[in-house]
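# Descriptive structure summary
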Amino acid sequence: MTRHQVIIGLDAGTTAVKAVAFGLDGGRRYSVLRDYPQHEPVPGRHEQDPQRVLAASVEALAECAAAVADADVVGVAVSTAMHGLIALDDQMQPITPLLTWADARAHAEARELHEAGVAHDLHRRTGAPVHPMTPLTKLRWFARHEPEVFASARWWVGLKDYVLWGLTGTLATELSSAGGTGMLDMATRSWSAEALTVADIDADRLPPILSTTAALTLAAEPARRAGLPPGTPVLVGAADGPLGNLGTGAVIPGVVGVSLGTSGAVRMVVPEPRVDEAGSLFCYALTDDAWAVGGAISNGGLVVRWAASALAPDVIARFPDRHPEVAVLDLADSVPPGADGLVVLPYLVAERAPLWDPDLPGAVLGLRIEHTRAHLIRASVEGVCRQLRAILDRVDALAPVTAARATGGAFRSRLWREVLAAMLERPLTVADDAEGTALGAAALGLYALGVTSTPLAATQMLAS
């Protein structure tokens, strides 16, 4: 009897890692999730234990592989969250936490680059707006505030690089994640000499850059722990944002991909690198000839999580068997669209697109005595969606947007779906959460293995 074949998409995000096995004959075979915490030791600093993230990734891969033991795993395709930074010693041991995209400690360094007049040129060269999220500004922070750590680190890597090393024993990054560092020269597809000068770092302290379709192999020890054969192809993949577009099929002209989890983003795929003159959009690779142009917001689903704890702890306590976000969204659903004139600018952590000003504070506008906490929660949801619409308008100025395809855990909520559809004023299709980034990773992996002629064909094959 011919054994089935599967490919596993391994997606390490901000709060959890997901491993999803997709059958090459179509359909999701198995999905597993492993959570891990994010720490905020002081306001504005967002850190994780990189070793715990790696361990959770291997555990999720092992459970997923065991669940499909009756099939042959043709490869493991990797996706991770962008903009993280970890310092490693010469033994590959972390000497700093993972500083996530939300970490804002480098806000002064980012502001100085804007005031010095170099931010615009860096953005045009690298595709990454100058912001505290980028490793470029974080490196400047370490050089200034923790010079001993800065000098003693042998390697400065991102989450993708660390996960790839943990799986394969090879230290490398790829074109997409490199773009998120703020140090990639989009024209040469190599580390930018100008950006490295700004970061005060040499290229030999950064990983080599591979194509997003490159393949490594699973090393012996992680293979043993995952229950897979050593040498199993590990497809390096792209960053989670561009892969979200691929997973939802938003890689065709006129269609934007919208993702909404802890954070959020709007992206459109174009055939070559480009940025807008205003500097409000990023540009990161999906493949060598497909680039995602768009913008990201820091304040996505985390706004509702904040509202649950700050505004409705009694509601959460009253319904202990329900997810906290579900309970507070039900409360918000009792309020009509527009929240009776209440407007919330939900800048709880350093905001990104479209203004890229990490110092912008949140605000509540139009507050009246008749407004309740339900109004505040509803207006917060609308505020997040309003930010996504502002990004869509800027993408639309580059290339007309005719439709949107969305993915992310937030869209399990009817309220999120309805508010976003109304705000975007475009036809909106919402994909199953697993058929987002993990599917995109698996699809790009199949394309890299030569199974299909295009990444989109691989998406259609796996989702059929």
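Refer to the structure presented above.
In this report, we go over the structure that sits alongside the text. Because the structure is a prediction, the values reported are computed rather than measured.

Criteria and cut-off values
Residues numbered from 1 in each chain as written. Predicted model: local features only at pLDDT ≥ 70, side-chain atom pairs only at ≥ 80, totals over all residues. Heavy atoms only, no water. Helix = DSSP H or I, 4+ residues; strand = E, 2+ residues; numbered from the N terminus. Buried < 20%, exposed > 50% of the residue type's maximum accessible area, 1.4 Å probe, protein only. Polar contact = N/O pair within 3.5 Å; in protein donor to acceptor, adjacent residues only side chain to side chain. 1 Å grid on protein atoms, 1.4 Å probe; cavity = no way out; pocket = protein on both sides within 12 Å on 5 of 7 lines; lining within 4 Å. Points joined across faces, edges and corners; volume = space filled by probe spheres on them. Pairing = 2+ DSSP bridges. Axes fitted to C-alpha atoms, helices over the stretch in contact; angles between N-to-C directions. Contact = heavy atoms within 4.5 Å. Salt bridge = Lys/Arg side-chain N within 4 Å of Asp/Glu carboxyl O.

Next up on the list: the side chain of D185. Here D185 lies in strand β10 (residues 184-185). By relative accessible area, D185 is classed as buried at 10%. Looking at D185, its side chain comes within polar contact range of the main-chain nitrogen of T188, at 3.3 Å.

In this section: empty space enclosed by the protein. Under the criterion given, the structure shown has 4 cavities of 30 Å³ or more. Of the volumes computed, that of the largest cavity is approximately 160 Å³. Around the largest cavity, the lining is made up of 22 residues, and of these G84, G158, D161, S177 and T181 lie nearest the centre. Elements with a contribution of two residues or more to the lining of the largest cavity: β8 (155-157), α6 (159-168) and α7 (175-179).

To continue, consider the sheet that holds strand β22 (residues 428-430). What the 6 strands build is an open sheet, ordered β17-β18-β16-β15-β21-β22; its pairing is mixed. Since the sheet does not close on itself, it has two edges, and those belong to β17 (282-287) and β22, each with one partner. Between one strand axis and the next, the sheet turns by 25° as a mean value, whatever way the strands run. Sheet analysis places β17 next to strand β18 (residues 290-297), joined by 5 bridges and oriented antiparallel. Each residue of the ladder has a partner; that of T287, found in β18, is A290. Strands in contact with helix α14 (residues 373-398) are β15 (255-260), β16 (264-270) and β18; relative to β18, the strand with the most contacts, it is inclined by about 145°.

This part is about the pattern of salt bridges. Per the counting criterion, the structure on display carries 24 salt bridges. Between R124 and E277 there is a salt bridge whose closest N-O contact spans 2.9 Å. Taken together, the residues R124 in helix α3 (residues 119-126) and E277 in the loop between β16 and β17 connect sequence positions 153 residues apart. One continuous salt-bridge network, built from bridges that share partners, spans D121, R125, D185 and E194.

A word on the pairing of strand β2 (residues 16-23). Burial of β2 is extensive: 8 of the 8 residues sit out of reach of the surface. Covered by surrounding structure in β2 are A16, K18, V20 and F22 together with V17, A19, A21 and G23, the residues of both alternating faces. Note: strand β1 (residues 4-12) against β2, 7 bridges, orientation antiparallel. Within β2, the residue paired with V6 across the bridge is G23. Linking two consecutive strands that pair antiparallel, namely β1 and β2, is a turn of 3 residues. One ladder, built from 7 bridges, connects β2 with strand β3 (residues 28-35); its direction is antiparallel. Bridging from a neighbouring strand, A16 pairs with D35 of β3. In sequence, β2 turns back onto β3 through a hairpin of 4 residues, with G26 there showing a positive phi of about 105°.

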